[in-house]
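Chain residues, written in single-letter form:
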Amino acid sequence: DESTASLSIVIAEMTDFSGFEIDLNKYQKVAINPFTTEALSADQIAAVKNNIEVCRDAIVFFTACGSASGYGGHTGGAFDTVPEVVLLDAFFRACPDKFVPILFDEAGHRVATQYLFSVLDGKLPAKELKRYRVGHANLPGHPELHCTPGVKFSSGRLGHMWPFVNGVAMANPTKISICLGSDGSQQEGDDYEAAILAVAQDLPVKLIIDDNDVTIAGHPSKYLKGYDVAKKLEGQGMKVTVVAGEGLEALYPAMRNCMVHSGPYAVVIRRKMCPGIEGVEGQCGGHDAIAVAKAVTYLTNKGHTAAVQWLEGDAKKAEKDPQAGDYLGTKGSKVGANRALFGECVVKILESMSLEERKSKVMVIDSDLEGSTGLKVIHQKCPDVFVQSGIMERGNFSAAAGFGMEKGKVGVFSTFAAFLEMCVSEITMARLNYANVLCHFSHSGVDDMADNTCHFGINNFFADNGLDEHHPSQLYWPADFHQLEQCMNTIFWDEGIRFLFTTRSKLPAIQAEDGSELFGGSYKWTKGKDDVVRKGSKGYVVSFGDALYRALDAVERLRAEGHDVGLINKSHLNAVDEETMKLIGGTSMCLVVESLGRKTGLGIRFGTWLLERGFAPKYGYIGVTKEGSGGLFEHAYHQGYDSKSIQTKVKSML
């Protein structure tokens, strides 16, 4: 009704810019009608340039807060796209009836844009930006609907948004729908299909693409020779304009022509990454959160003294796991990054072979994540077998599988576990062709995942979807760095598809009851065998991955209280160890604890395995059930697989 409408207007205008060290009051709410304004006036140019500076300074500041606090983030993409975003904001304001007023972005790591405009739109207090990516701050590493006030969509994974925006355009045929893109996201196969559909249906979809020739692991112009965003889109029949992005005299006419054109249109904006940021411009490192020192230099040159003081002071007060350093069963243990160790293990195997032999038998292919998934050391030490490819997980996996089709050859493929879901169909085809592939899916589970829900690697069991008559697909998740090394040496030359899972976080060495490293020394890892970490007469907790050391702490504390509970490490996830079944079956309870999805993980299987063998202990399972809370260690507590939650569950079952 009329009173509600008035109230909503008041709320929208109640912007709170206090407590934020960049003055956002300087942002001018410019309205520009691209359908009637052929050229910008001097006043409009001055206002747009002012807004660009305000936004870029703000983005540098609060993404640097992520660096200072240890939660990380991404500066470059959001910083780059400010000129076009400021113009789009002006278009939306002038012509609300002409646009779906949402800045859909297929590169969700550029979420700083969404958060900044949530503040400028009065939906979020500006001071909250300084908690960028902090746990429970509702500012995760990708935009997620219903998580952050003012955010209007969930980006999903890189390169997934454009097909969705096509549907938005179909639902709003009289309005223009915008999709911000990038030369990285455009490498994904989804975008090829989206272009074909947009052209075939003559959809009013406008692609505004930041072509900065930078992705995480390099420059597409070097590692994907022949790849050209504009030519790719033109090849699908789209109207395309290529323009330099750092001058309004070229950018505005290109943007205007795009909007005036009746059908699908792409503006490909070429610029260096992080233009104007000393020491970062044009560098791959600009993709990530800007280093505090670089931000301080930039902000000092801009006169933002208060922002500099915050970065060098309060911004460094990061949250820490309240139980850090006090986990029983791993206290004082060495820690290791299994995702990095994977690559080191591969290098050792390759270096034991002659150059000719390894070139004929092994191919390692990357999907622009070599620094994150452990492949970088392979690239450096064994470049002869390494293929630096782009953000094309499906195609890269299939290439690895095709290489491994012949007996005695193996294709090595690696990416984040969240992207396993994208490769399921290709995995099936590889299995039908009896291909030999070693797949490393890092960032499994949810631990340390500030990128949040769309980057959760929780459906890893999707990989185990073949028929019994095919080569069995084996799923492995080693407990610590000792076990990973033994696992790798054992499975590297196995036939079929092997899936090795690691976490983003570092894991501590698991200790035996006497304090020694359980999986070090004379320990021998064996396929199909579970590890009895602690024996118990009353029941068992079954766990793996980063949940294991948390479960070990819980078990130790329960035992200290008189509850004789044991712990099983299940590093071979989809193999049934008959001895373990008998051991657990002879007790009164079994609890599976995992950082995989509760609907698709080990928990929905393990109870069936017990029942099939005539065992019926009281059964329960803990897994991931909620959207992310942002942050790093916070996810374990948020999902309820922290030590205290495990203890509470076990006590209720006993």
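Conventions we followed
- Residues numbered from 1 in each chain as written.
- Predicted model: local features only at pLDDT ≥ 70, side-chain atom pairs only at ≥ 80, totals over all residues.
- Heavy atoms only, no water.
- Salt bridge = Lys/Arg side-chain N within 4 Å of Asp/Glu carboxyl O.
- Helix = DSSP H or I, 4+ residues; strand = E, 2+ residues; numbered from the N terminus.
- Buried < 20%, exposed > 50% of the residue type's maximum accessible area, 1.4 Å probe, protein only.
- Phe/Tyr/Trp six-rings, centres within 6.5 Å; stacked < 30°, edge-to-face > 60°.
- Lys NZ or Arg CZ within 6 Å of the ring centre and 35° of its normal.
- Axes fitted to C-alpha atoms, helices over the stretch in contact; angles between N-to-C directions.
- Parallel < 35°, antiparallel > 145°, perpendicular 65-115°, else oblique.
- Left-handed = near helix turned anticlockwise from the far one by under 90°.
- Contact = heavy atoms within 4.5 Å.
- Nonpolar A, V, L, I, M, F, W, Y, C, P; charged D, E, K, R; others polar.
- Arc of directions from axis to C-beta.
- Expected span 1.5 Å × (residues − 1).
- Domains from an automatic or database assignment.
- Buried area = accessible area lost by both parts, 1.4 Å probe.
- Core = buried A, V, L, I, M, F, W, Y, C linked by side-chain atoms within 4.5 Å.

A. Here's a closer look at the pattern of salt bridges. Under the criterion given, the structure shown has 37 salt bridges. The partner of Arg270 in a salt bridge is Asp228, and the shortest N-O contact between them spans 3.5 Å. Taken as a pair, Arg270 in strand β5 (residues 265-270) and Asp228 in the loop between α8 (220-223) and α9 (229-235) lie far apart in primary sequence, 42 residues in all. The exposure class of Arg270 is partly exposed, given its relative accessible area of 36%. In this structure Asp228 comes out as partly exposed when scored by relative accessible area, which is 21%. The salt bridge partner of Asp546 is Arg550, with a shortest N-O separation of 2.8 Å. Note that Asp546 and Arg550 are positioned in helix α20 (residues 546-560) at a spacing of 4 residues, about one turn of the helix. Since its relative accessible area comes to 1%, Arg550 is described here as buried. What you see here is one network of salt bridges that share partners, running through Arg56, Glu84, Asp210, Glu246 and Arg271.

B. View of the packing of aromatic side chains. Counting across every chain of the model gives 24 aromatic pairs. Aromatic side chains Phe92 and Phe99 sit 5.4 Å apart centroid to centroid with 55 degrees between the ring planes, which places their arrangement in the tilted category. Each of the two residues, Phe92 as well as Phe99, counts as buried. One aromatic cluster is present, built from ring pairs that chain together Phe397, Phe413, Phe441, Trp477, Phe499, Phe501 and Phe544. In this arrangement the basic side chain of Lys98 is found over the ring face of Phe35, its NZ or CZ atom lying 5.4 Å from the centre. The side chain of Lys232 reaches across the aromatic face of Tyr192, ending 4.4 Å from its centre.

C. View of the packing of helix α4 (residues 82-94) against helix α10 (residues 248-260). Interhelical geometry of α4 versus α10 gives an angle of 50 degrees and a closest axis separation of 11 Å. In terms of orientation, α4 and α10 fall into the oblique class. The handedness of the crossing between α4 and α10 comes out as right-handed. Along the contact surface, α4 presents Pro83, Glu84, Leu87, Leu88 and Phe91, while α10 presents Leu248, Leu251, Tyr252, Met255 and Met259. Split by residue class, the contact of α4 with α10 holds 9 nonpolar, no polar and 1 charged.

D. Structural detail: the environment of Leu203. Along the chain, the position of Leu203 falls in the loop between α7 (189-200) and β3 (205-211). The class of Leu203 is buried, set by a relative accessible area of 6%. Linking Leu203 and Pro173, residues 30 residues apart in sequence, is a C-alpha distance of 7.4 Å. The residues contacting Leu203, other than those within four sequence positions of it, are Asn166, Ala169, Met170, Leu197, Ala198, Gly263 and Pro264.

E. Here's a closer look at helix α18 (residues 424-432). Turning to α18, its buried residues number three or more, namely Glu426, Ile427, Ala430 and Arg431. Within α18, the buried residues cover an arc of 140 degrees as seen down the axis, which keeps them to one side. Looking at α18, the residues exposed on the side facing more than 90 degrees away from the buried face are Ser425 and Leu432. Buried residues along α18 sit in contact with α17 (393-403) and β12 (497-501). In the stretch just after α18, Tyr434 is the one whose phi turns positive, near 50 degrees.

F. Structural view of α7. Counted at 1.5 Å a residue, the expected span for α7 with its 12 residues is 16 Å, and the 17 Å between its end C-alpha atoms agrees. Turning to α7, its buried residues are Asp190, Asp191, Ala194, Ala195 and Ala198. Along α7, the residues classed as buried sweep out an arc of 135 degrees about the axis, all on the same side. Of the exposed residues in α7, those oriented more than 90 degrees away from the buried face are Glu193 and Ala200.

G. Up close: the environment of Ala107. Here Ala107 shows up in the loop between β1 (104-105) and α5 (112-120). Note: C-alpha distance between Ala107 and Leu24 (83 residues apart in sequence) is 25 Å.

H. Up close: the domain arrangement of the protein chain. Looking at the protein chain, the domain boundaries give domain 1 (39-312) and domain 2 (330-653). A separation of 35 Å is found between the C-alpha centroids of domain 1 and domain 2. Counting residues at the interface gives 27 residues for domain 1, matched by 30 residues for domain 2. Counting the surface domain 1 buries against domain 2, the share from its top three residues, His136, Arg157 and Tyr223, is 27%. The interface formed by domain 1 and domain 2 holds 4 salt bridges in total.

I. Representation of the nonpolar core. One finds Leu24, Ile208 and Leu311 to be the most contacted residues of the largest nonpolar core, which totals 77 residues. Look past the residues within four positions of Leu311 in its chain and what remains in contact with it is Phe61, Ala64, Cys65, Ala68, Val292, Ala295, Val296, Leu299 and Lys316. Formed by 61 residues, the second largest nonpolar core is a distinct cluster that contains Ala551, Leu558, Val624 and Tyr641.

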